Amino acid sequence: MIGLISATAAGAVAAQRLASAWPERTRVYEGPVRDAVGRAFGECEQVVCFLATGAVVRLIAPLLADKGTDPGVVCVDEGGRFAVSLVGGHAGGANALAVEVGEVLGAEPVVTTATDAVGVPGLDTLGMPVEGDVAGVSRALLDGENVELDLEIAWPLPALPPNARRPAPDALAERGGPAIVVTDRVPAGGRVSGPEETPGAGDARVVLRPPSLVVGVGASRGAPADEVLGLIEGALRDAGLSPRSLAELATVDAKADEPGLVEAAARLGVPLVTHSAEELAAVEVPNPSDAPLAAVGTPSVAEAAALVGGGELLVPKRKSERADGRPAMATCAVVRRPARGRLAVVGLGPGARDLLTPRAKAELRRASVLVGLDQYVDQIRDLLRPGTRILESGLGAEEERARTAVAEARRGQAVALIGSGDAGVYAMASPALAEASDDIDVIGVPGVTAALAAAAILGAPLGHDHVSISLSDLHTPWEVIERRVRAAAEADIVVTFYNPRSRGRDWQLPKALAILAEHREPTTPVGVVRNASRPDGSHRLTTLAALDPATVDMMTVVTVGNTATREIAGRMVTPRGYRWQENPEGAE
């Protein structure tokens, strides 16, 4: 919950704007400001104060306890010009909140955290539990010191600065200096040195705990949660594994509502995932048993549930021990799931920076590897984090880029594969997904297509059914393209042509227009938009008979209206229905 506190009429108005935008996330605190701040600080995960930063500093100073648990605080000035991340930038989420507040209120987010200011990812913002001297290692990254990157588990991290390097194999035995370790193992002694134990920045060390461990559990009816928890904690401890890397508990469907398992998962803070008995019975395990086969229909619950997604069995099935000597009521097994690479297929939109979506920007900053056409890379190079590895190529290498992106993801990298417009429309999503299997995570990020950008410039030409057709016959035989154009013409559907004409392909557009002319009047409106949304963009409205194909190139989209499309006040409009022409009063 986000607490909202104001002291003036202008602040109250701004607070109400946030409350209206985020009704499920916010709570407005009334009454004396000091009391309101105290209550919000104790009850909310984050606080937005519409007050001067000096006033807020004095109000929250006595309340600050620990950066790991204090709420993030954002200050918004009286004029609504700035949203300042005051405390809890990373742990409290104030940096991200300042950006969100700025988007709602039109304020400039002010973030002074050093890593954010220079584009280096905060080690405590990577979505994993973190241990050790975060400040010391972050300072070493910022100062350009060599930072050892020890990936005991390959995990898809965002780009780190070039001074974060993996050591040579023969240097692993001589570790020293600042280090980032990605592991699910507990070091000797069970602790990671914190800043108070670190003699100097040169010895700083941070451990990131990826969610790599799955614990399969089986339980008799009525198994106590304490018994289940004791078994799991003991298994992890004996194997030298960190409970902070636990991703889920897994069991058979028949135990989905077993109270002891449900409570154990809740207390561990992980989901309880269930699988059918048939699915578990198909998993090969080292220690099958007749007892679970008779009870729930599979010869293994704990081992099979842990192994169902693949991985390395670190702890074979073990039983709980009861102080009263009675039979065990729970079993468990621990598996390390293989790290899954991450492939984000990102649509960059038609070219204008303000039409690049926030989600696309976030994925570009999330990636450690960027794959794309060189001219598209140039558009967004400034948005990438320092250290991002860029793999760019020229026109005509689409399939090669797709294979490269998938191969990098399979190596455990966080990859962004970029395309213009929407990556799923005549772009990179299709060849990439044709290469990808289920061994990587694929995230699609939609973008504004050229057809939509052009339509917004022309007016509302896509107000009714419409279709996009590429006239490029490099990958599709012309006979197929012609059949599709003819079908759209006969169905009276608005058509947007992509790739309409190039130096080597100058006859396809005239042919397509001729097909449409067989079914539409010569006065049918046609919109021609070149470089939609870009500074050098241009557009014009003409007719089916008057359009000169020689004025069109590959940077142009051509939209041909249907029999209902009209030019109204210089705009191209296709009505949502046809009845309005006969009965305007009934139009929506």
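Structure's up top.
Structural notes, computed from the coordinates. Since this is a predicted model, take the numbers as computed values, not measurements.

Each value, and the rule that gives it
Residues numbered from 1 in each chain as written. Predicted model: local features only at pLDDT ≥ 70, side-chain atom pairs only at ≥ 80, totals over all residues. Heavy atoms only, no water. Core = buried A, V, L, I, M, F, W, Y, C linked by side-chain atoms within 4.5 Å. Buried < 20%, exposed > 50% of the residue type's maximum accessible area, 1.4 Å probe, protein only. Helix = DSSP H or I, 4+ residues; strand = E, 2+ residues; numbered from the N terminus. Contact = heavy atoms within 4.5 Å. Pairing = 2+ DSSP bridges. Axes fitted to C-alpha atoms, helices over the stretch in contact; angles between N-to-C directions. Phe/Tyr/Trp six-rings, centres within 6.5 Å; stacked < 30°, edge-to-face > 60°. Salt bridge = Lys/Arg side-chain N within 4 Å of Asp/Glu carboxyl O. Parallel < 35°, antiparallel > 145°, perpendicular 65-115°, else oblique. Left-handed = near helix turned anticlockwise from the far one by under 90°. Nonpolar A, V, L, I, M, F, W, Y, C, P; charged D, E, K, R; others polar.

## Comments concerning the nonpolar core
Ranked by internal contacts, the top residues of the largest apolar core, which has 23 residues, are Val215, Val217, Val228, Ile232, Leu249 and Val334. Broken down by secondary-structure element, the contributors of at least two residues to this core are strand 12 (213-219), helix 7 (225-238), strand 13 (246-252), helix 8 (259-268) and strand 16 (330-336). Of the residues forming this core, the biggest block, six residues, is contributed by helix 7. Setting aside anything within four residues of it in sequence, one finds Val215 in contact with Ile232, Leu246, Glu248, Leu249, Ala250, Cys332, Ala333 and Val334.

## Digging into the sheet that holds strand 13
The strand order 14-13-12-16-15 describes an open sheet built from five strands, whose pairing is mixed. The sheet is open, and its two borders are formed by strand 14 (272-275) and strand 15 (312-319), each paired with just one other strand. Going from strand to strand, the sheet's axes swing by 25 degrees on average, the running direction of each strand aside. Two strands pair when backbone bridges link them, and strand 15 and strand 16 are joined in this way by five bridges, in the antiparallel orientation.

## A look at the packing of aromatic side chains
Counted according to the given criterion, the structure contains two aromatic pairs. Ring centres 4.8 Å apart and planes at 55 degrees place the aromatic pair Tyr426 and Tyr498 in the tilted group. Here Tyr426 is found in the loop between strand 20 (414-419) and helix 15 (429-435), whereas its partner Tyr498 is found in strand 24 (residues 494-498), with 72 residues between them in sequence. A relative accessible area of 45% means that Tyr426 is categorised as partly exposed. Residue Tyr498 is classed as buried on the basis of its relative accessible area, which comes to 10%. Between Trp478 and Trp507 the ring centres are 5.0 Å apart and the planes differ by 70 degrees, which places this aromatic pair in the edge-to-face class. Residue Trp478 is located in helix 17 (residues 478-490), and its partner Trp507 is located in the loop between strand 24 and helix 18 (508-517); the two are separated by 29 residues in the primary sequence. Here Trp478 falls in the buried class, since its relative accessible area comes to 10%.

## Digging into the sheet that holds strand 22 (residues 459-460)
Ordered by their spatial adjacency, three strands build an open sheet running 22-29-28, and the pairing between neighbours is mixed. Two strands lie at the open edges of the sheet, namely strand 22 and strand 28 (566-568), each paired on one side alone. Relative to strand 29 (residues 571-573), strand 28 runs antiparallel, the two sharing three bridges. Each bridged residue has a counterpart across the sheet, and for Arg566 the counterpart in strand 29 is Val573.

## Focus on the pattern of salt bridges
All chains considered together, the criterion is met by 23 salt bridges. For Asp382, the salt bridge identified is with Arg353, shortest N-O distance 2.9 Å. Highlighted residues: Asp382 in the loop between helix 13 (374-380) and strand 19 (389-393) and Arg353 in the loop between strand 17 (342-347) and helix 12 (358-366), separated in sequence by 29 residues. Here Asp382 falls in the exposed class, since its relative accessible area comes to 56%.

## Looking at the packing of helix 7 against helix 8
Contact pair helix 7 / helix 8: the axes reach a minimum separation of 8 Å and the direction vectors enclose 55 degrees. Put simply, helix 7 runs oblique to helix 8. Crossing geometry of helix 7 relative to helix 8 is assigned as right-handed. Touching Ala225, Asp226, Val228, Leu229 and Ile232 of helix 7 are Gly260, Leu261, Glu263, Ala264, Arg267 and Leu268, all from helix 8. Of the residues in the contact of helix 7 with helix 8, the class split is seven nonpolar, one polar and three charged.

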